[in-house]
Amino acid sequence: MKQRFNALDIRATVINLRARLIGVRLQNIYDVNAKTFLFKFAKPDDKELVLIESGTRIHTTQFSREKSSMPSMFCAKLRKHLRTRRLTNVRQLGVDRIVDFEFAGGEKTMGYHVIAEFYASGNIILTDQDYRILALLRVVQGNENIKMAVGEIYSTQSVLREFSKVEMHHLQSALAKAGPKDTLKKVLNIAFDYGPAMIEHIILEANLNPNMKVATEFDTSDNSPMLQALKDAFDKGDQMVEATGSAVPKGYIVLFGDKKEPVEGEEEAMEIYDEFHPYLYKQHASRAYKEFPTFDAAVDQFFSAIEAQKLELKARQQEEAALKKLESVRKEQESRVEGLLQQQMTNTRKAQLIELNLPMVDAAITIIRNAVASQMDWKDLEGLVKNEKKHGNPIALIIDSLKLKTNQITLMLTDPEALEDEESDEDESDEEEDDDDGDTSRSTKKEPEVYLVDVELSLTAFANARKYYEQKKTTASKHDKTIAASSKALKSAERKIRQDLKETKITASINKIRKPFWFEKFLWFISTEGHLVIAGRDMQQNEIIVKRYLAKDDVYVHADLHGAASVVVKNKPQAVGQPIPPSTLFQAGVMSVCQSKAWDAKIVTSAYWVYPDQVSKSAPTGEYLTTGSFMIRGKKNFLPPVQLVYGFGYLFKLDESSVGNHISEQKRLEQSDSPANEPVTSSSPSAVESESGMATPGSVTEETTTSPSESSPGTPLPEESKPVADDASGERAKSVGAADEHDTESSEESDSSDDENAFPDTQLASGLPQSTTETPEAASEAWNKYDLEEYGEDKSLPAFAQPQPSSTASPNKRFMSAKERRQLKKGQKPTDGSPDTGSSKPEQQKTTTNNKPKDKTTKQAPPPPTRGRRSKAKKIKEKYADQDEEERQLRMEILGSNKGPQPKGKKAKKEAKAKAEAERLAKTKKEQEQKAQDEREREKATGEQAVDTDQPQNPEAVGEEKDTEMIRQLLKEENITMLEADEIANLSVLDSLTANPLPEDIIHFAIPVCAPYQALQKYKYKVKLTPGSLKRGKAIKQAQSVFMNAQEATNREKELMKGVPDMEAINTMMSKVKVSAPNLEMNKRKKGKK
């Protein structure tokens, strides 16, 4: 396997680095290990990572690697001199394996050089513009004349020799120096700087054998065809080398094994990389290989795959070591338990043997005890026992040894019962055997099993047996305790080892660095309706967003606060000309306010939105707009006040095969979240005049304008205006005016009128003359305060703007009591005896008859207010004079207070549940009917088309439809949804991002998102952020702990979220926050216990 670069590889890499890095600044330097360093070059919207391993390789990389937490001394030296400097040149010194990086200098320095050597053990050297060494990776002594150390001059003249072509005399002289056993490949590889692979390619190109003996098999004469063919092959090799220095070559990775055709039914073999080259040489043409667009990409794939295999091997070794450790702990516990069990059996056996040989044991104890009591010498006593053994004394024969120092003797005891059983068995076998075989069986008789038992001389035989039984009980108790303790210890060790293995499995991997999307450099999120919302992080980004990304169909959102971000809501590509939903505008307003000083000050305020043509960079005469400031001309459409609630979560990038699983889900969510059925409207805002002509940095300046809908100071404003929709034309009609100020009525009637105005839900058919002094524009804007209906998807008018039936009652209508109203409602005749009742009845009936065909939903007038409520109604009217029903509904939705009273009691809850179920069934039935109707219309259209077309259907089209349907079914079995052609055409980058990945989805990476909490409601991983004192890093850790401990989290999702770089997540998170999430405190306690 090829392990390091040769001169041709260096040449191919340098030309690629020159094309990509010259003119780019060095952002930072990291040390991956003691010999490998990562140089990070940055340019706008792009970053290049160059990996240099001393003595081995140099290439750019697209894979992320673990870096050292603290830089080494050499890395710190490189950072000090080279960080933020621009790379001016990259070159190869001559034809040697040395690369010279030249960096521009500063005010006081001329420049620096980084020299990377890739021969022998390699080296990385930092020098100044005169090649004076400032720092080096390792100090080496080249020879007596050249010294590599700090302060010395690095000699470049010795290696600055250009590539020279091979001439005929050079070739002949090299071949003439060959030894008797030298092969052609070996001789040419030593003589020329082409590398072994290139030399072998040249030899094969000349149709020669690389292993042929030069001295005996090669003809070196002047007119030799072999020599001429070799010279022609070298000329072709020279052309390849020269082409490498002028153009970026392709890359090839040669695999182990020969090229094989794939066989159906066989699994694909694992790809094992063998070599990498900038050209596909002749010796590799018959082998399996992989082609890459550049040599740099091939090298990156080659070494990154090897590193991943090494990391995987390392993780496997750690796993094996952990399992081995667990196995050793288990064996140790088992051996301890087994020893205690064996000790119990031994003690029990000794006690039983003493009981079975009781007379002999008592006799031996008595004899030895008496001898010791008579003060007999211990050596004489041992001699006496030996003599008695020789004489065959049975008591002496059972004594094995004397342990008088511990007042014990060792006895050799046997089991007499077992001996009797064996003798009886032998007798039976002897009777069955012949006489000749009897002698053999007697000679092979088994000896009885003898046990050594220690007995105390101070105790009797029974006492010694009892002592062994007590030892057995003690050992049994210890055995039970050991089993319980070992079980707990084993479970604890196993749990700890498995947790370590789990963490090791997640972190031990090399992931490809993802290319960030264009909007990730800004503050961004995706609204609930799927619209992209972006905002600037600073004044420069505010300027870029408006100038570069604010298009015709987009919307600009801002707030009149210091530090508020300029927010741009991007419209969907397939929704050109369509308005943006109100909820998206509201979420963009939340973003603008929360990114301002209102977050720190905890101020609840409103944002506003305008059209792109209202945003201008041209300032009025005599004024100047700073960077990030813009002039707003025309009407500002203010949004409702926002709450300071933000959120943090994760999106996941889907594979192309998994996007279809989420397209229908996204459409359903957008339809359910769409406010088309809930119009959000209010009274029209007037253009806000700028108090000062000077624009402040980061703010939006508004030019003073006059709207045609504004009333002049001399024109009296009406009390109330109600836009009415014209059914015939669809346009807004003139509003119905209120009563004249100077109209004289009774006090009761005026009080009743006040009460009616205080409650917008109550609508009265007024009989007063209508005012026609108000224009249609003013009437329409009177209720559309936030202008959301005009820009939203719903074109229906609010309740109070619906057409009202005209009343034919006289202005001086008689006052009716509550009793009369109840009787009239029931259809009874009032019984108050009023003389006007009978006369007014026909008129009322006539009025009712005339109004019936016009509007069947006319509401009855409420009863007059009781005493004490009139003043309250007046206060309510004054407080909410500018608020209509739609605005009230919007405010209640934001506050979450419009849910109404909850049912109490089992019966009420049961009824509410039944009602909800009935609504759900009705909705499902309606959807099915709509689907069936669409199907019928589609079939009808297809039938009409078939009738109109007399020609028969194309059989190829029919076959394609069948194939498409078959493919759709096959993919459906694999949980892959096939998209239609129009759906594929409308796909965008945002469609490949999902917040709720399915178990069968293929996900590539995770993206952190910080957005208004309303936009994160459907996210699988989310936490709530409110103003607080927590810094970004700690907030990220708390959020990560919540996500990692989530029960529904899969291993793949955890791995991707853990693989997000810390700085990427920290840059996304807001500062000074308080993190809120379910079970957050429990996770903290768990972490504290660990």
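Look a little higher up for the structure.
Here is a short report on the structure shown in this document.

Cut-offs applied
- The written sequence of each chain sets the order in which its residues are numbered from 1.
- Residue-level local features of this predicted model are given only where pLDDT is at least 70; pairs of side-chain atoms are given and counted only at 80 or more, and the full residue set underlies all totals for whole chains, interfaces and linings.
- Where side-chain values are given, they derive from all heavy atoms of the structure, hydrogens and water being excluded.
- A patch consists of residues exposed above 30% relative accessible area that lack any salt bridge, with like charges linked at up to 9 Å and nonpolar side chains (Val, Leu, Ile, Met, Phe, Trp, Tyr) linked at up to 5 Å.
- In short, Shrake-Rupley with a 1.4 Å probe defines the accessible areas, and a residue's cover is counted only from the protein chains shown.
- By salt bridge we mean one thing: a side-chain nitrogen of Lys or Arg within 4 Å of a carboxyl oxygen of Asp or Glu.
- By definition, any uninterrupted DSSP run of H or I lasting at least four residues is a helix, any uninterrupted run of E lasting at least two residues is a strand, and each is numbered from the N terminus.
- Exposed residues in this analysis have more than 50% of their type's maximum accessible area, buried residues have under 20%, and partly exposed residues fall in between, with area computed by a 1.4 Å probe over protein chains only.
- In protein, a polar contact requires one atom able to donate a hydrogen and another able to accept it; more generally it is a pair of N or O atoms within 3.5 Å, and residues adjacent in sequence count only if both atoms are side-chain atoms.
- Should DSSP find at least two bridges between two strands, the strands are taken to pair.
- Axes, fitted as lines to C-alpha atoms, cover a helix only where it is in contact. Angles between the N-to-C directions of the axes lie from 0 to 180 degrees.
- Throughout, a residue-residue contact means that at least one pair of heavy atoms, one from each residue, lies within 4.5 Å.
- Classification of ring pairs rests on two measures: the distance between centres of Phe, Tyr or Trp rings, Trp counted by its six-membered ring, which must be within 6.5 Å, and the angle between planes, read as stacked under 30 degrees, edge-to-face over 60 and tilted in between.
- By definition in this entry, angles of less than 35 degrees are roughly parallel, angles greater than 145 are roughly antiparallel, angles of 65 to 115 are roughly perpendicular, and the rest are oblique.
- Each crossing gets its hand from how the near helix is turned against the far one by less than a right angle, where anticlockwise is left-handed and clockwise is right-handed.
- Throughout, the ten residues Ala, Val, Leu, Ile, Met, Phe, Trp, Tyr, Cys and Pro are labelled nonpolar, Asp, Glu, Lys and Arg are labelled charged, and all others, Gly among them, are labelled polar.

## Digging into a nonpolar patch on the surface
Turning to step 1, where the next piece is worked out: There is a patch of nonpolar side chains on the surface, built from Met-1, Phe-256 and Ile-272 and spanning about 300 Å² of accessible area.
Turning to step 2, where the next piece is worked out: Examined against the element boundaries, Phe-256 turns out to sit in strand E10 (residues 251–258).

## Topic: the side chain of Ser-566
Turning to step 1, where the next piece is worked out: Counting through the fold element by element, Ser-566 comes out in the loop between strand E18 (555–558) and strand E19 (567–570).
Turning to step 2, where the next piece is worked out: For Ser-566, a relative accessible area of 1% corresponds to the buried category.
Turning to step 3, where the next piece is worked out: Separated by 2.8 Å, the side chains of Ser-566 and Tyr-556 make a polar contact.

## Some remarks on the sheet that holds strand E14 (residues 408–413)
Turning to step 1, where the next piece is worked out: Spatially, three strands are ordered E13-E14-E15 in an open sheet, and the strand pairing comes out antiparallel. The open sheet terminates on both sides in strands that have one partner only, identified here as strand E13 (399–403) and strand E15 (451–456). Each neighbouring strand pair of the sheet contributes to a mean axis angle of 20°, computed without reference to strand direction.
Turning to step 2, where the next piece is worked out: Here six bridges tie E14 to E15, and the two strands are oriented antiparallel to one another. Paired with Thr-410 across the bridge in E15 is Asp-454.
Turning to step 3, where the next piece is worked out: Sheet strands touched by helix H9 (residues 358–373): E13, E14 and E15. Its angle to E14, the strand with the most contacts, is close to 150°.

## Some points on the packing of aromatic side chains
Within a pair of aromatic rings, the relevant descriptors are the distance that separates the centres and the angle that separates the planes.
Turning to step 1, where the next piece is worked out: All chains considered together, the criterion is met by 27 aromatic pairs.
Turning to step 2, where the next piece is worked out: Seen in terms of ring centroids, Phe-517 and Phe-519 are 5.5 Å apart; in terms of plane orientation they differ by 10°. Their pairing is stacked.
Turning to step 3, where the next piece is worked out: A relative accessible area of 2% places Phe-519 in the buried class.
Turning to step 4, where the next piece is worked out: Three or more aromatic residues joined by ring pairs make a cluster, and in this case those are Phe-5, Tyr-273, Phe-276, Phe-295, Phe-302 and Phe-303.

## Some details on the sheet that holds strand E16 (residues 523–526)
Hydrogen bonding along the main chain pairs the strands of a sheet, whether they run parallel or antiparallel.
Turning to step 1, where the next piece is worked out: Taken in spatial order, the six strands make up an open sheet running E16-E17-E19-E18-E20-E23, and their pairing is antiparallel. With one partner strand each, in any of the chains shown, E16 and strand E23 (637–638) form the two edges of the open sheet.
Turning to step 2, where the next piece is worked out: Note that E18 and E19 share three bridges and pair antiparallel. Bridge pairing in E19 links Val-555 to Val-569.
Turning to step 3, where the next piece is worked out: Its contacts with the sheet put helix H15 (residues 539–549) on strand E17 (532–535), E18 and E19, and the angle it makes with E17 is roughly 140°.

## Remarks on the pattern of salt bridges
Should the charged atoms of two oppositely charged side chains come close, the side chains can pair.
Turning to step 1, where the next piece is worked out: Under the definition given, this model contains 27 salt bridges.
Turning to step 2, where the next piece is worked out: A salt bridge links Lys-185 to Glu-200; the shortest N-O distance between them is 3.2 Å. Of the two residues, Lys-185 sits in helix H4 (residues 184–191) while Glu-200 sits in helix H5 (residues 196–205), which places them 15 residues apart along the sequence.
Turning to step 3, where the next piece is worked out: Salt bridges sharing common partners tie together Glu-53, Arg-57, Arg-65 and Glu-307.

## Here we look at the pairing of strand E31 (residues 1073–1076)
Remark: a regular strand shows side chains that alternate across the two faces of the sheet.
Turning to step 1, where the next piece is worked out: Where burial is concerned, the two faces of E31 differ: the one with Val-1073 and Val-1075 is buried and the one with Lys-1074 and Ser-1076 is not.
Turning to step 2, where the next piece is worked out: As judged from the five bridges shared by strand E30 (residues 1022–1030) and E31, these two strands associate in the antiparallel manner. Bridging from a neighbouring strand, Lys-1024 pairs with Ser-1076 of E31.

## Quick look at the packing of helix H3 (residues 168–176) against helix H7 (residues 225–246)
Turning to step 1, where the next piece is worked out: Two numbers describe how H3 lies on H7: the axes approach to 10 Å, and their chain directions differ by 120°. Between H3 and H7, the interaxial angle falls into the category oblique. Where H3 crosses over H7, the handedness of that crossing is right-handed. Of H7, the residues touching H3 (which contributes Met-168, Leu-171, Gln-172 and Leu-175) are Leu-227, Gln-228, Leu-230, Lys-231 and Phe-234.
Turning to step 2, where the next piece is worked out: Looking at the contact of H3 with H7 residue by residue, the class counts come to six nonpolar, two polar and one charged.

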